Amino acid sequence: VQLQASGGGLVQAGGSLRLSCAASGRPFSRFDMAWFRQAPGKEREFVAYISQSGGTTHYADSVKDRFRISRDNAKNTVYLQMNSLKPEDTAVYYCAARPSWGERTTDKMGDFGFWGQGTLVTVSS
């Protein structure tokens, strides 16, 4: 499956952005999806996960209650709604996919074999 992330940009602290990740090439509904991010000088880290059905989600503690992951299987797209953004949210955001494991969540990069190119989010203070 090919993944194309978009929606990044520059936003002030406290603002919102919605990232999108469009999938193509294989049946999107058979894939669990996730967002990861990598800040300058830091390792890539987990942000959010959603199961193939959309029925199970999981978030990193640092974004819980501020970010929301969702998907539209009819549009082959997964979204990340980011609210109350902070300067420490500044990073390149990557979407990732894996063939579904049912409703079993994961936050491990190694569990995902398909990656998008990343979209940059910059939050100014």
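Treat the numbers as computed from the prediction; the structure is a model and nothing was measured.

K.L.:
How should the overall build of the protein chain be read in this particular structure?
P.N.:
Looking only at helices and strands, one finds zero helices and 11 strands in the protein chain. If you list the helices and strands of the protein chain from N to C, you get β-β-β-β-β-β-β-β-β-β-β. Taken over the C-alpha trace, the protein chain has a radius of gyration of 13 Å; the compact-globule value for 125 residues is 14 Å, and the two agree within 12%. For the protein chain, the spread of C-alpha atoms along the three principal axes comes to 40 × 25 × 25 Å. Burial status across the protein chain gives 44% buried among its 125 residues. Here the contacts in the protein chain between residues at least 6 apart in sequence split such that 60% fall between residues at least 24 apart.

K.L.:
Would you take a moment to explain the state of the cysteines for this structure?
P.N.:
Note: disulfide means a covalent bond formed between the sulfur atoms of two cysteine side chains. Inspection of the entire model under this criterion finds one disulfide. One disulfide in the model links cysteine 21 with cysteine 95; its S-S distance is 2.1 Å. Taking the sign of the S-S torsion, about 60° here, the bridge from cysteine 21 to cysteine 95 comes out right-handed. With a gap of 74 residues between them, cysteine 21 in strand 3 (residues 17–24) and cysteine 95 in strand 9 (residues 91–99) connect regions that are remote in the sequence. For cysteine 95, a relative accessible area of 0% corresponds to the buried category.

K.L.:
Whenever I open this one, the packing of aromatic side chains confuses me. Can you help?
P.N.:
Using the criterion set out here, one finds four aromatic pairs in the structure. Geometrically, the ring pair formed by phenylalanine 31 and phenylalanine 114 is edge-to-face, given 5.8 Å between the ring centres and 85° between the ring planes. Of this pair, phenylalanine 31 sits in strand 4 (residues 31–38) while phenylalanine 114 sits in strand 10 (residues 114–115), and the two are 83 residues apart along the sequence. In textbook terms, an aromatic cluster arises when at least three aromatic residues are bridged by ring pairs, as seen for Phe36, Phe46, Phe112 and Trp115. Looking at arginine 44, its charged tip hangs above the ring of tyrosine 94, at a distance of 3.7 Å from the centre. We note arginine 44 situated over the ring of tryptophan 115; from NZ or CZ to the ring centre the distance is 5.1 Å.

Cut-off values and rules
Residues numbered from 1 in each chain as written. Predicted model: local features only at pLDDT ≥ 70, side-chain atom pairs only at ≥ 80, totals over all residues. Heavy atoms only, no water. Helix = DSSP H or I, 4+ residues; strand = E, 2+ residues; numbered from the N terminus. Rg over C-alpha atoms; globule rule 2.2 N^0.38 Å. Buried < 20%, exposed > 50% of the residue type's maximum accessible area, 1.4 Å probe, protein only. Contact = heavy atoms within 4.5 Å. Disulfide = S-S within 2.5 Å. Phe/Tyr/Trp six-rings, centres within 6.5 Å; stacked < 30°, edge-to-face > 60°. Lys NZ or Arg CZ within 6 Å of the ring centre and 35° of its normal.

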